[in-house]
Structure formats: structure tokens, C-alpha cells
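# Breakdown of the fold
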Amino acid sequence: MPLQSEPPNVKIVIVGAGSVGVTTAYALLLSNLASEIVLLDIDTTRAEGEVIDLSHAAHFAHAKVRVARGYEDCAGATIVIITAGVNQKPGQTRLDLVKTNYRLFESVVPQVARHAPDTILLVATNPVDVLTQAAQDLSGFPTERVIGSGTAMDTTRFRHELGRHYRVNPRNVHAVIIGEHGDSQIPVWSLASIAGMRLRDYCRQAGVEYDEAAMDAVAQRTRGAAYEIIKRKGKTNYGVASVLVGIVEPIVKNNDAIVTVSRVGIYEGVGPVALSMPCKLNNSGAHMDVPLMLDDVEREGLRKSAESILEALNSARNPES
Ligand SMILES: NC(=O)C1=CN([C@@H]2O[C@H](COP(=O)(O)OP(=O)(O)OC[C@H]3O[C@@H](n4cnc5c(N)ncnc54)[C@H](O)[C@@H]3O)[C@@H](O)[C@H]2O)C=CC1
Ligand SMILES: CC(=O)C(=O)O
């Protein structure tokens, strides 16, 4: 692999050096977006092993990779990515993880916030929307500086599925999934487009049928993708790692790219709650100034999604329930 130009002076800390954390570190290393990548895990032996291995890959890039001695190593980080926590077993939903991972966040987030008060927190641990809101509460950071990877993952899968169905490059499909990164997610059919045309117009112009049943199957495969992967290999890691790099990039480059990420706001009159809508990303965080004209069904879906995330958050906050 050719050596690339020097990366900017950007330190990224990854809390959780498991499957998602390490795949993200590797993807970040090759992206050349960071000058320093620090892995922090309670299992320091594992983190050390991963760092030695990654350092050999770093030979082909420029970033330094090292193990954190403790939370004090979050100081000066541009972004702290949180991937620590338990993952789903086959058949479990993301919301099934809420109590365990909420407790973990109660110990992790205040320590990160104390040592890196100006950082941007990027949450991947599931259930990501609930934990994005928990991270915002526990850190006291402004809402734009606490971002969940949210439905950026589902949006990527949706575009992939639509691209396959219509036989076009997913980059030329404009379509988003909003709401929960989970079972109540909402595909925004009313705005989905290819080459600037809404799907029905595209089909009419291309002389192909708009197949409602096939579109339902696309939505189902998008919603069920993680279950299918976990059933076969026990975890997902490559997709989310690429999505996390896709969120880091506009923050580091300060380029106002629009990405569907999770953050706290009021949605359809429900909230404050964290869920995903298209946001503008730059070096001050995720900004909700992207208007989205939803139809009535999508708005109702968003309201229900917001309510189910809030319900899960309340159950995690109240261990007796
Ligand atoms: N947002 C998304 O799209 C995706 C989210 N995930 C989520 O990411 C999380 C991690 O998944 P994996 O990496 O597969 O799990 P893993 O089990 O491979 O790694 C978790 C790591 O967290 C560490 N850890 C546990 N408690 C810690 C603490 N208090 N401080 C620091 N480190 C701690 C563990 O030692 C372990 O290395 C899960 O919640 C999973 O559901 C996974 C894939 C996609
Ligand atoms: C596990 C998970 O959240 C995902 O791959 O979408």
C-alpha cells in the first residue's frame, strides 16, 4: 500500500478494544484522518495485543497507535469513540442490551468528560440511541457534541439494497433511514431518489415496474441485516467501522457533510430524545439544520420510534422496572 500524506494533528480515542473498536481503529488507520489513535479497554492485555498488531499496519500509514494508561489519556482528543459494551446474541434485540450497557456508560462517560471536556463523543455501543442520550446526560456536553452512529448504518444498508434492486451504484441512490437504529426505524420512501428522480418517476422513465412488494423486502432486509449477520458470525464489525470513519471524516475535515446520525432533540413533539435524522457534521459536532419533508406515515413512524427509545431509556434509568 502506498504511503499517504501526513495526517492532520488529530487524536482519536476508542473506548472498547473489542471487535467494533479494533476494526474501527484499523479503518481509521488506513483512512489517514488521525495522527494518533489510542485504545482504552478494561482488558488491557487484549488492548496491548491489538496495538502491537495495529502498529505493524501503521507501518503503511502515519498514525501512532497506543494503549491508554487510563482515562487521563482522553485529554486533547478531537473525538472519543465509545464501542465498549456487550453485543447481541443471536435472537436478541439491541434494546435487550440496555440495562447492562447503561450501567457501563455510567462508569465510562463521566471519566471521559472529566479528562476531555472539549471532545466530541461518538457512540456506537447499543442500543445506540438510548446510550447517546445517556452519554449526553452523563457528560453534560451540549447536544451537538454527543453523536450516535444511529441509522447511518441502516442508511448505508438501505442504499446498498436499493442499488442492488435497481442495478445502480449505491452512491447514486439518495435514500435515508431515520429514527431508531433498531426495529422501529423508518425508511423515508417519500424522498428516496435515483439520479435526482423519486423512485416512481425513475421507474416510469426507465420503463420498469415500481414493485411495492420488492420495496417492502428491501426495507425488511435493511431492518433485519444485523440479525442475519449475527446469526451467522456472532457479531457485526466491518459495516459499522466504515460508518464510524464516515462520521469522523466530516468532523475532522470540517466539511458540513450531511449524515444521518443520532443526537438529542425534540422529534414530532416527543423528547428530549436521541434518534437519527440527517444532520450537518463539522468540527463543532452534529447540527440539526437539515430540513426533511416527511409524509404523514413517516412522521407517525418517527413519533413511535421516539416513544420506544424514551421507554427503553426510562427502564434503564430505573433498575427496579
Ligand atoms: N452502532 C452500530 O451500528 C453497532 C453497534 N455495535 C455495538 O457495539 C458494542 C461492542 O460490540 P463488539 O465490539 O462486537 O463487542 P466486544 O465484546 O467484541 O467488545 C467489547 C469490548 O468492550 C470492553 N469493555 C467492557 N467494559 C468496558 C469498560 N468499562 N471500559 C472499557 N472497555 C470495556 C470489553 O473488554 C471488550 O473488549 C455492542 O454494544 C454492539 O451491540 C456493534 C455493531 C454495530
Ligand atoms: C449490531 C448492529 O447494531 C448493527 O450491525 O447494525
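Residues numbered from 1 in each chain as written. Chains lettered and ligands numbered in written order. Predicted model: local features only at pLDDT ≥ 70, side-chain atom pairs only at ≥ 80, totals over all residues. Heavy atoms only, no water.

Looking at an unreviewed UniProt entry, the protein carries the name L-lactate dehydrogenase, with the source organism given as Immersiella caudata. What UniProt records for the protein under Sequence similarities (unreviewed entry) is the sentence "Belongs to the LDH/MDH superfamily. LDH family." For the record of the protein, the UniProt heading Catalytic activity (unreviewed entry) holds the text "(S)-lactate + NAD(+) = pyruvate + NADH + H(+)". (UniProt positions renumbered as here; feature names shortened; annotations may be inferred.)

## Some points on the overall build of the protein
What the protein contains, in helices and strands, is 9 helices and 14 strands. Relative to the compact-globule value of 20 Å for 321 residues, the protein shows a C-alpha radius of gyration of 19 Å, a close match. For the protein, the spread of C-alpha atoms along the three principal axes comes to 60 × 55 × 40 Å. In the protein, which comprises 321 residues, the proportion classed as buried is 52%. Here the analysis covers contacts within the protein between residues at least 6 apart in sequence; of these, 71% occur between residues at least 24 apart. Positive and negative charge centroids in the protein, built from 32 and 36 side chains respectively, lie 3 Å apart. (Helix = DSSP H or I, 4+ residues; strand = E, 2+ residues; numbered from the N terminus. Rg over C-alpha atoms; globule rule 2.2 N^0.38 Å. Buried < 20%, exposed > 50% of the residue type's maximum accessible area, 1.4 Å probe, protein only. Contact = heavy atoms within 4.5 Å. Lys, Arg positive; Asp, Glu negative; His and termini not counted. Charge placed at Lys NZ, Arg CZ, Asp CG, Glu CD.)

## A short note on the site of ligand 1
Close to ligand 1 lie 28 residues; Ser19, Val20, Asp41, Val86 and Asn87 are nearest. Contact distances for ligand 1 include 2.8 Å between an oxygen atom and a backbone N or O atom of Val20. Side-chain polar atom of Ser149 to a nitrogen atom of ligand 1: 3.1 Å apart, as the coordinates give it. Of the residues in the shell around ligand 1, the class split is 13 nonpolar, 12 polar and 3 charged. (Near = heavy atom within 4 Å. Polar contact = N/O pair within 3.5 Å; in protein donor to acceptor, adjacent residues only side chain to side chain. Nonpolar A, V, L, I, M, F, W, Y, C, P; charged D, E, K, R; others polar.)

## Observations regarding the nonpolar core
By size, the foremost hydrophobic cluster in this structure holds 45 residues, and its most contacted members are Val15, Cys74, Val80, Val112, Leu121, Ile178 and Leu302. Elements supplying a minimum of two residues to this core: β1 (11-15), β2 (36-40), β4 (79-82), α3 (98-115), β5 (120-123), α4 (128-139), β13 (270-282) and α9 (296-317). Each residue touching Leu302, except ones within four places of it in the same chain, is listed here: Ile178, Gly179, Ile186, Tyr267, Glu268, Leu275, Met277 and Leu294. (Core = buried A, V, L, I, M, F, W, Y, C linked by side-chain atoms within 4.5 Å.)

## Section: the sheet that holds strand β10 (residues 193-194)
Taken in spatial order, the 3 strands of this open sheet run β7-β10-β11, and their pairing is antiparallel. At either end of the open sheet lies a strand with only one pairing partner, and these are β7 (173-174) and β11 (197-198). As defined by bridge partners, β7 adjoins β10 across 2 bridges and the pair is classed as antiparallel. In the strand pairing of β10, Val173 is matched with Ile194. (Pairing = 2+ DSSP bridges.)

## A word on the packing of helix α1 (residues 19-31) against helix α2 (residues 44-58)
Running from amino to carboxyl end, α1 crosses α2 at an angle of 20°, the nearest separation of the two axes being 10 Å. Classified by the angle their axes make, α1 and α2 are roughly parallel. Judged by the twist between their axes, the crossing of α1 over α2 is right-handed. When α1 is examined against α2, the residues Ser19, Val22, Ala25, Tyr26 and Leu29 are found in contact with a partner set consisting of Arg46, Glu50, Leu54, Ala57 and Ala58. (Axes fitted to C-alpha atoms, helices over the stretch in contact; angles between N-to-C directions. Parallel < 35°, antiparallel > 145°, perpendicular 65-115°, else oblique. Left-handed = near helix turned anticlockwise from the far one by under 90°.)

## Focus on the UniProt feature "domain: Lactate/malate dehydrogenase C-terminal" (unreviewed entry) in the protein
Here, the residues flagged by UniProt with the feature "domain: Lactate/malate dehydrogenase C-terminal" (unreviewed entry) are residues 151-316. The span residues 151-316 is 49% helix and 22% strand, and its two end C-alpha atoms sit 21 Å from each other.

## Overview of the site of ligand 2
Close to ligand 2 lie Gln88, Arg94, Asn126, Met153, Arg157, His181, Ala226 and Thr236. Contact between ligand 2 and Asn126: an oxygen atom at 2.9 Å from a side-chain N or O atom of the residue. Between ligand 2 and His181 there is a distance of 2.7 Å, counted from an oxygen atom to a side-chain nitrogen or oxygen. Compared with its free state, where it exposes 220 Å², ligand 2 has 90% of that area covered by protein. Taken together, the residues of the shell around ligand 2 break down into 2 nonpolar, 4 polar and 2 charged. (Areas by Shrake-Rupley, 256 points an atom, 1.4 Å probe, with all protein chains shown as cover.)

## Here we look at the UniProt feature "binding site: NAD(+)" (unreviewed entry) in the protein
UniProt marks Gly16, Ala17, Gly18, Ser19, Val20, Gly21, Asp41 and Asn101 with the feature "binding site: NAD(+)" (unreviewed entry), using the numbering shown here. Structurally, Ala17 can be placed in the loop between β1 and α1. Ignoring sequence-local partners within four residues, the contact set of Ala17 consists of Val22, Leu39, Leu40, Asp41, Arg46, Ala47 and Glu50. Turning to its location among the elements, Val20 is positioned in helix α1.

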